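Understanding the architecture of this molecule
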Amino acid sequence: MGDCAHMKDDGGCEVKPDRQSNQQFDPKRPEGDIVITKSVGQGGVNIYDDVYNIQYGLDQVAPIDGGPSPQLVIDGLCGPKTIKAIRDFQVKHFGWAGCDSRIDPGQQTLAKLNEKRNRNVYPTIPLSLNTDGWLLTGMLQHVPHTRSCVHAAMTNISLAMAVADSQDSGFLGSNRQQRMKLLNRHFKIDNFKVRLPILQQMHDTYGFMLNVLNRPEAFITLDTDNSGENISSVSIARLGGFHDKKDVSGRIRLRRGVFLATGIQDFAAHIFIHELRHFVAKDGTQGHFAKGWVTDPGMQALRETETVNNCDTFAGFALEAKNGEMERPPWIKSDVFR
Ligand SMILES: [Zn+2]
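Treat the numbers as computed from the prediction; the structure is a model and nothing was measured.

**Looking at the confidence of the model for the protein**
Do not read the predicted coordinates in detail wherever pLDDT is low. Overall, the predicted model of the protein reaches an average pLDDT of 86, with 87% of residues at or above 70. Helix α12 (residues 311-323) holds the highest mean pLDDT among the elements of the protein, 98, whereas strand β7 (residues 335-336) holds the lowest, 62. This stretch, residues 1-11, has a pLDDT under 50; its non-local contacts, to residues over four places away or in other chains, come to 53 contacts. The low-confidence segment residues 15-26, where pLDDT is below 50, has 28 contacts with residues more than four positions distant or belonging to other chains.

Below you can see the structure in the form of structure tokens.
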């Protein structure tokens, strides 16, 4: 998977080129069952559109179900690799006796192919709301969880605000330490001489996020015009876009890299909160100082003035405010920007 790496002026999350984003696919992908007009494969008629559809379908079959590995290049041309992929698929399901390396309209191989296709595969680009709408739906199902993480963060900050600028001593001392614990772990709040205004600002930031999460359909969509492909393969958001009342085009746009996160609610929440930090920023602070989990060296090395603006810090804090202190999640990507 690609990841958010360097910050662009527009607030997007630039990413190193990832293996899959170099491939360019014809946008006319088949929707629903794959249909062909003439035979495809060894000795077949091999009309461009038919070959294209078969290649697309084969790439949606997992290798364990006889799909090609590596995946075919979808180019509408029936070469040796496409023929081999058809043969392997037939051998897997019908044995050598049922194998002629060719797929004919209305015959058993085509029926089996449509049966074995996993429609929810890592999507090709550009994304389309028709074919890839499940990606958006899959992420939006985690909005309630994300909202409760943001709520938990705000509650934690509120409790800390009552004691943040008081003396650390006596009975209140242990109480204070407890209330400040998570904020210090992530944001090093006690390194600030005066904490209340900082906490108030953080509370406001999470509050803006809540506004977005209360109306996700107004602010979150798929990146269907492909404009973010060279910036991030996961998600992009315009810096401060939430506050720009004149231009509403800069929504949070999900890219195909959210594929894995659709099944992991903390992962989805982490992506959302990271992007939301870009989206609701008021002062133009970019938010990429280090990426990763709070215990990663790059995150530990952040200064307190950086933590209070860092996208991943906002995400990690909210997750732990909700879940309690967590093991480092396996899906976290780590990066340092300086
Ligand atoms: Zn980012």
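Anyway, onward from the coordinates.
**Details of a nonpolar patch on the surface**
Residues Val45, Ile47, Tyr48 and Leu77 make up a contiguous nonpolar surface patch of about 360 Å² in total accessible area. Within the element layout of this structure, Ile47 appears in the loop between β1 (40-41) and α1 (48-59).

**Digging into the nonpolar core**
In terms of nonpolar packing, the biggest core is built from 58 residues, with Leu183, Phe187, Ile189, Leu199, Met202 and Tyr206 touching the most fellow members. Those elements that provide at least two residues to this core are α4 (133-140), α5 (143-161), α6 (170-187), α7 (196-214), β3 (220-222), β5 (252-254), α9 (265-280) and α12. Top contributing element to this core by residue count: α9, with nine residues. With near-sequence residues (within four places) excluded, Met202 lies in contact with Ile157, Leu183, Phe187, Ile189, Val308 and Phe314. If you look at the next biggest cluster of nonpolar residues, it comprises 14 residues, including Ile54, Leu58, Ala85 and Ile103.

**Description of the pattern of salt bridges**
Pairing is possible between side chains of opposite charge, provided their charged atoms come close. Considering all chains together, one arrives at 14 salt bridges under this definition. Connected through shared salt-bridge partners, Asp223, Asp225, Arg253 and Arg255 make up one network.

About the criteria used
Residues numbered from 1 in each chain as written. Predicted model: local features only at pLDDT ≥ 70, side-chain atom pairs only at ≥ 80, totals over all residues. Heavy atoms only, no water. pLDDT = per-residue confidence, 0-100. Helix = DSSP H or I, 4+ residues; strand = E, 2+ residues; numbered from the N terminus. Contact = heavy atoms within 4.5 Å. Patch = residues over 30% accessible without salt bridge, like charges linked within 9 Å, V, L, I, M, F, W, Y side chains within 5 Å. Areas by Shrake-Rupley, 256 points an atom, 1.4 Å probe, with all protein chains shown as cover. Salt bridge = Lys/Arg side-chain N within 4 Å of Asp/Glu carboxyl O. Core = buried A, V, L, I, M, F, W, Y, C linked by side-chain atoms within 4.5 Å. Buried < 20%, exposed > 50% of the residue type's maximum accessible area, 1.4 Å probe, protein only.

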